[in-house]
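Chain by chain, the residues:
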Amino acid sequence: MGLAALLALWLAGAAFAVDEQGLPDKAKLSANRMRFDSTTGDFLAEGEVLITADGLTVRAPRGSGNVPRREAAFDSGVTASGTWMGDAVDLRAGRLTLNFAEAPACRLQDGVKGAVGTMGLDADRLTLIGAGGVGSPTEEDQQTKFWIVGAHRLEDRSRGLTFGADSIEGVLREGALASMTAKDRVWVRGRPKQSGEPVSINGDHALYSLQRGSVVLSGRVVAVQGGRTLRSDSIVYFPDQNRVEALGGITRNESGTVSADRAEITIDLKRERRK
């Protein structure tokens with residue numbers, strides 16, 4: 001089957017998805033060489049493979065997929081640019097998979113680098129689950145959920161925060177990082193917007209909330225600013241104020257050491273105030 005026929009079939013599948021499930025209204029696929037099985041709907045594309053779908057443009061040396069299942073996979077070095085469900089993307093990875101069935105999903109792996117919305121990224125794997133899906137739209141449907149494995153660096157460029165962890169899951173709202181949970185070997189770096197020294201915090205777990213304006217870290221937490229170090233069971237970091245609150249098993253090292261079995265203190269790591 002020729003290229004024109006393959007494109008028509010792909011477009012037909014995408015158009016049906018729009019009517020029934022709110023999926024992309026346009027999808028186009030091109031390549032130097034293509035094979036298509038009209039019985040199964042499987043296709044294989046090689047050489048300057050290009051797919052455009054609802055604002056997203058993917059380029060790769062090789063791609064394959066299935067038209068009835070509305071899925072495609074690309075490998076051997078992939079770039080994705082444009083928008084994904086309304087969020088700006090500029091990503092590079094070894095492999096990328098698209099699935100437009102029900103809640104649209106975009107999965108990248110093998111060295112993911114680039115940006116999604118205001119979020120800069122360097123990770124092993126990234127999954128984006130698009131807004132909406134089947135059913136009536138809700139406020140939650142307008143968000144994009146993401147999962148990251150091996151987050152070497154996740155930067156919230158609008159807030160001056162940088163994170164790292166073995167795994168992260170969270171939510172983007174209108175392209176901005178709204179909330180996230182990070183687990184195992186977590187680190188956070190914050191740079192003050194006005195004055196003060198950068199803060200570096202490490203722990204086992206972290207919860208970030210844009211609405212609350214805080215990052216909560218727990219499990220063997222160590223906060224460092226300049227030559228000052230604070231150790232605690234848990235710490236709440238307020239990046240806009242360049243301030244941390246520590247609770248439980250506190251030890252502070254500077255010229256001397258202050259320790260307590262259990263206490264609550266407020267510290268900006270420059271001026272300390274006991275509660």
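All residue numbers here refer to positions counted from 1 along the written sequence of the relevant chain. Totals for whole chains, interfaces and linings use every residue, but because this is a predicted model, local features are given only for residues with pLDDT of at least 70 and side-chain atom pairs only at 80 or more, for both listing and counting. As a rule here, side-chain values come from all non-hydrogen atoms in the structure, and water together with hydrogens is ignored.

In the annotation of an unreviewed UniProt entry, the protein is listed under the name Organic solvent tolerance protein OstA and assigned to Fretibacterium fastidiosum.

Draft legend 1. View of the nonpolar core. Within the largest apolar cluster, 61 residues are counted, with the highest numbers of intra-cluster contacts made by Phe74, Leu126 and Phe146. Pairs of residues are marked as contacts when any of their non-hydrogen atoms sit within 4.5 Å. Among residues more than four places away in sequence, those in contact with Leu126 are Leu91, Cys106, Arg107, Leu108, Val112, Val116, Leu121, Phe146, Trp147 and Ile148. Side-chain atoms within 4.5 Å are what join buried Ala, Val, Leu, Ile, Met, Phe, Trp, Tyr and Cys residues into a set we call a nonpolar core. Accessible area is worked out with a 1.4 Å probe on protein chains only. A residue is then buried under 20% of its type maximum, exposed over 50%, and partly exposed in between.

Draft legend 2. Inspection of the pattern of salt bridges at higher detail. Salt-bridge detection follows one rule: a side-chain nitrogen of Lys or Arg within 4 Å of a carboxyl oxygen of Asp or Glu. All told, the structure shown has nine salt bridges when counted by the stated rule. Across the pair Arg159 and Asp240 runs a salt bridge whose closest N-O atoms are separated by 3.3 Å. Of this pair, Arg159 sits in the loop between strand E9 (143–156) and strand E10 (161–173) while Asp240 sits in the loop between strand E14 (228–238) and strand E15 (243–247); the two residues are 81 residues apart in sequence, bridging distant segments of the chain. Linking Arg243 and Glu245 is a salt bridge whose minimum nitrogen-to-oxygen distance equals 2.7 Å. Judged by its relative accessible area of 17%, Arg243 is buried. When its relative accessible area of 21% is taken as the criterion, Glu245 is described as partly exposed. Through salt bridges with shared partners, one network takes in Arg62, Asp75 and Arg95. Secondary structure follows DSSP: runs of H or I at least 4 residues long count as helices, runs of E at least 2 residues long count as strands, and numbering of each begins at the N terminus.

Draft legend 3. Main features of the confidence of the model for the protein. Confidence in the prediction of the protein, expressed as mean pLDDT, is 80, and 75% of residues score 70 or more. pLDDT measures how confident the predictor is about each residue, on a scale from 0 to 100. Taken together, the stretch residues 132–139 has pLDDT below 50 and engages in eight contacts with residues farther than four places along the chain or on a different chain. Confidence over residues 271–275 falls short of pLDDT 50; this stretch has twelve contacts with residues more than four positions distant or in other chains.

Draft legend 4. Structural detail: the side chain of Ser214. With respect to the helices, strands and loops of the structure, Ser214 is situated in strand E13 (residues 214–225). Ser214 sits in the buried class, given a relative accessible area of 6%. When near neighbours in sequence (up to four residues on either side) are disregarded, Ser214 contacts Leu207, Tyr208, Ser209, Val236, Tyr237, Phe238 and Pro239.

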